[in-house]
Amino acid sequence: MRQNTGDIIEVMKRIGGTAEFVKMPAREAAALASTFLTLGSSAEVAATAANAVMRELSIATMQPKRFQKGLAAIGMSAEKVQRDMSKNATGTIQKVLDALNNLPEEKRLTVATQLFGKEYGDDIAKLATGVQEYRRQLELAASDKAIGSMAREHQARLQTTTAQWEIAKNVITEVGVNIGTVLLPSVNQAI
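My aim in this report is to walk through the structure given alongside it, one point at a time. Because the structure is predicted, anything quoted here is derived from the model rather than measured. (Residues numbered from 1 in each chain as written. Predicted model: local features only at pLDDT ≥ 70, side-chain atom pairs only at ≥ 80, totals over all residues. Heavy atoms only, no water.)

## Focus on the pattern of salt bridges
Part 1 of the argument: On inspection of all chains with the given rule, the structure shows six salt bridges.
Part 2 of the argument: With a closest N to O distance of 2.5 Å, Asp98 and Arg135 form a salt bridge. You can see Asp98 sitting in helix H6 (residues 89-101) and its partner Arg135 sitting in helix H8 (residues 131-142), a full 37 residues away along the chain.
Part 3 of the argument: Glu133 is the partner of Arg136 in a salt bridge, and the nearest nitrogen-oxygen pair spans 2.8 Å. Placement of the pair is Arg136 and Glu133 together in helix H8, with a separation of three residues, close to one helical turn.
Part 4 of the argument: A residue is classified by how much of its surface remains accessible, and Arg136, at 40% relative accessible area, is partly exposed.
Part 5 of the argument: Connected through shared salt-bridge partners, Glu10, Lys13 and Arg14 make up one network. (Salt bridge = Lys/Arg side-chain N within 4 Å of Asp/Glu carboxyl O. Helix = DSSP H or I, 4+ residues; strand = E, 2+ residues; numbered from the N terminus. Buried < 20%, exposed > 50% of the residue type's maximum accessible area, 1.4 Å probe, protein only.)

## Notes on a nonpolar patch on the surface
Part 1 of the argument: Residues Val171, Val175, Ile179, Val182 and Leu183 make up a contiguous nonpolar surface patch of about 440 Å² in total accessible area.
Part 2 of the argument: With respect to the secondary-structure elements, Val182 resides in helix H10 (residues 161-190). (Patch = residues over 30% accessible without salt bridge, like charges linked within 9 Å, V, L, I, M, F, W, Y side chains within 5 Å. Areas by Shrake-Rupley, 256 points an atom, 1.4 Å probe, with all protein chains shown as cover.)

## A closer look at the packing of H6 against helix H7 (residues 105-129)
Part 1 of the argument: Look at H6 against H7: their axes get within 10 Å of each other, and the N-to-C directions meet at 90 degrees. Viewed along their axes, H6 and H7 adopt a mutual orientation that is roughly perpendicular. Here H6 contributes Val96, Leu97, Leu100 and Asn101 to the contact with H7, which in turn contributes Arg108, Val111, Ala112, Leu115, Phe116, Ile124, Leu127, Ala128 and Thr129.
Part 2 of the argument: Of the residues belonging to the contact of H6 with H7, the class tally is ten nonpolar, two polar and one charged. (Axes fitted to C-alpha atoms, helices over the stretch in contact; angles between N-to-C directions. Parallel < 35°, antiparallel > 145°, perpendicular 65-115°, else oblique. Contact = heavy atoms within 4.5 Å. Nonpolar A, V, L, I, M, F, W, Y, C, P; charged D, E, K, R; others polar.)

As structure tokens, this is what we get:
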């Protein structure tokens, strides 16, 4: 699925707090967002699923029995996953995805649902299947080509007719406010 920088920005606005909480660098969070988008998720689904994967793994020891069973099915412990998330969130997510991907296909969705709930299990199972795409996105995010891409998107948006019209309206409003501020004392005095 074709995505654009605007979709990634939209997802980043929604996942930034969680990514910061788990100490995931913005580029790596953008790669996670981009992977979900590339695999066919909408910006909203990408954001909620990315938040879920970061949040659920970072509080692994607080999770219910179904989560613990899911971790056991992929050979991991809640204590280690939670500890690893605090040190290297991206690496830990990749390990979980690899472990999910190594399960027989008929068990993958079940275990992903145990770990991330009915709402996100299918999205995470799809991400596990696309873990190589996630790695590719991480490489792209770390490349020189990624530097300044959000600034380029912002500049491209500024060049649209709608943006130019909004800028013109803002300038006219500002001029009106400035004129009113200068003339208002004189008008008040004359009245």
